[in-house]
Amino acid sequence: MRIAISKFHNAVHAFKRTIGGLGLLSGLAVASLATLPNLASAQTLASLPSVASTISTTGAARPISAWVTFCETYAAECAVTISEPAAISLTPGIWNTIVSVNRRVNKSIRAVTDMEQLGMADRWDLAESGAGDCEDFQLLKRKLLAEAGLPRRAMRMTVVIDEKGEGHAVLTLITDRGDLILDNKTNSVLPWRQTGYTFIKRESQNAMAWVSLGRAASPVTTANR
């Protein structure tokens with residue numbers, strides 16, 4: 001099941017070189033991601049609801065402590081560039097890129113808690129070891145999608161309460177088709193209302209800060225698999 005993460009990085013970088021280092025990838029260019037080995041069949045853009053649904057924010061929220069430490073080490077991964085688009089304009093090509101990256105990262109990273117791997121309650125990183133828990137999956141997905149040209153400002157780390165009643169991290173993509181969720185628990189990219197999760201807070205689009213989603217009290221960590 002495990003594919004070396006370095007191979008995945010190399011495949012993404014090789015693909016970017018073949019299209020001449022364009023910014024936001026064109027639909028035709030992104031569609032060629034299908035030539036990468038072992039990709040599962042993609043969801044279709046037409047499968048998304050026709051009426052977009054977005055999550056309302058309700059003011060400032062306290063960041064997860066492990067996120068603060070992560071940003072001290074990976075400052076570029078937390079930076080917010082106001083000049084970037086606040087939403088992703090979905091095309092069939094960009095949609096295929098999102099689905100492909102979600103599937104490939106889910107397949108390539110071994111799910112393990114920080115306590116099992118590092119002996120600590122919660123640490124955020126980019127799964128450099130090839131293993132990690134929920135937030136590590138999503139941070140790597142965002143890094144790869146940003147390298148493919150999608151605006152980081154429209155991809156926000158988000159804290160939810162999952163089906164077990166535990167803190168969990170997902171990646172919210174803010175798009176012109178609504179807020180979509182990338183999750184290591186499923187290969188499907190789902191509209192937020194279809195996840196069954198309670199949404200607590202997410203990174204701000206306007207600063208290195210967090211905003212409340214007004215749903216419930218926040219967990220202290222996002223440390224499950």
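Preceding block: the structure.
Please read all numbers here as calculations on a predicted model, not as lab measurements.

(A) The packing of aromatic side chains, seen in detail. All chains considered together, the criterion is met by 4 aromatic pairs. Relative to Trp210, the ring of Trp67 lies with its centre 5.7 Å away and its plane at 85°, an arrangement referred to as edge-to-face. One end of the pair, Trp67, is in helix H3 (residues 65–73); the other, Trp210, is in strand E9 (residues 210–212), and 143 residues separate them in sequence. Both rings, one in Phe70 and one in Tyr74, keep their centres 4.6 Å apart while their planes meet at 20°; by these two values the pair is stacked.

(B) Broad picture of the state of the cysteines. Applying the stated criterion across every chain yields a total of 1 disulfide. The disulfide partner of Cys71 is Cys78, and the S-S distance across this bridge is 2.0 Å. Note on the Cys71 and Cys78 pair: the S-S dihedral is about -85°, so by sign convention the disulfide is left-handed.

(C) Seen up close, the side chain of Asn106. Counting through the fold element by element, Asn106 comes out in helix H5 (residues 92–108). Judged by its relative accessible area of 13%, Asn106 falls in the buried class. Here Lys141 takes part through its side chain, which lies 2.9 Å from a polar atom of the side chain of Asn106. The contact partners of Asn106, leaving out residues within four places of it in the chain, are Phe137, Lys141, Asp183, Asn184, Thr186 and Asn187.

(D) Local environment of the environment of Ala121. Within the secondary structure layout, Ala121 lies in the loop between helix H6 (114–118) and strand E3 (131–132). Taking relative accessible area as the criterion, Ala121 reaches 49% and is therefore assigned partly exposed. When the C-alpha positions of Ala121 and Ala66 are compared, they lie 9.4 Å apart, and in sequence the two are 55 residues distant.

(E) How the structure looks around the nonpolar core. Among the nonpolar cores identified, the biggest contains 41 residues, and Phe70, Ile88, Leu90, Trp95, Ile98, Trp124 and Leu173 are the most heavily contacted of them. Elements that contribute at least two residues to this core include exactly H3, H5, helix H7 (134–147), strand E4 (155–161), strand E5 (167–175) and strand E6 (178–183). Ignoring anything within four residues of it in the chain, the contact list for Phe70 reads Glu77, Cys78, Trp124, Asp125, Leu126 and Leu139. One finds Ile55, Val160, Val170 and Ile181 within the second-largest nonpolar core, a separate group that totals 8 residues.

(F) How the structure looks around the environment of Pro92. Within the secondary structure layout, Pro92 lies in helix H5. Accessibility expressed as a relative area gives 54% for Pro92, which makes it exposed. Between the C-alpha atom of Pro92 and that of Leu45, which follows or precedes it by 47 residues, the distance is 6.2 Å.

(G) Main features of H7. Compared with the 20 Å implied by 1.5 Å per residue over 14 residues, the 21 Å span of H7 between its first and last C-alpha is a close match. Where burial is concerned, most of H7 is hidden: 11 out of the 14 residues are buried. Along H7, the residues that are buried comprise Cys134, Glu135, Asp136, Phe137, Gln138, Leu139, Leu140, Lys141, Arg142, Leu144 and Leu145. At the exit of H7 stands Gly149, carrying a positive phi of roughly 110°.

(H) Structural view of the environment of Ser129. Inspection of the secondary structure assignment puts Ser129 in the loop between H6 and E3. According to the relative accessible area criterion, Ser129 is partly exposed, its value standing at 45%. Between the alpha carbons of Ser129 and Gln117 there is a distance of 9.7 Å; along the sequence they are 12 residues apart. Polar contacts involving the side chain of Ser129 include one to the side chain of Gln117, which spans 2.6 Å. Here Ala131 takes part through its backbone oxygen, which lies 3.2 Å from a polar atom of the side chain of Ser129.

(I) Expanded view of H5. Taking 1.5 Å per residue as the helical rise, H5 with its 17 residues ought to reach 24 Å, and the 24 Å between its terminal C-alpha atoms agrees with that figure. Burial analysis of H5 places 14 of its 17 residues in the buried class, the great majority of the element.

(J) Spotlight on the sheet that holds strand E7 (residues 186–191). Pairing in this open sheet of 7 strands is antiparallel, and the strands run E1-E9-E8-E4-E5-E6-E7 from one edge to the other. The open sheet is flanked by strand E1 (60–61) and E7, the only strands paired with a single partner. In this sheet, E7 lies alongside E6 in antiparallel orientation, the contact comprising 3 bridges. Bridging from a neighbouring strand, Ile181 pairs with Leu190 of E7.

Rules behind the numbers
Residues numbered from 1 in each chain as written. Predicted model: local features only at pLDDT ≥ 70, side-chain atom pairs only at ≥ 80, totals over all residues. Heavy atoms only, no water. Phe/Tyr/Trp six-rings, centres within 6.5 Å; stacked < 30°, edge-to-face > 60°. Helix = DSSP H or I, 4+ residues; strand = E, 2+ residues; numbered from the N terminus. Disulfide = S-S within 2.5 Å. Buried < 20%, exposed > 50% of the residue type's maximum accessible area, 1.4 Å probe, protein only. Polar contact = N/O pair within 3.5 Å; in protein donor to acceptor, adjacent residues only side chain to side chain. Contact = heavy atoms within 4.5 Å. Core = buried A, V, L, I, M, F, W, Y, C linked by side-chain atoms within 4.5 Å. Expected span 1.5 Å × (residues − 1). Pairing = 2+ DSSP bridges.

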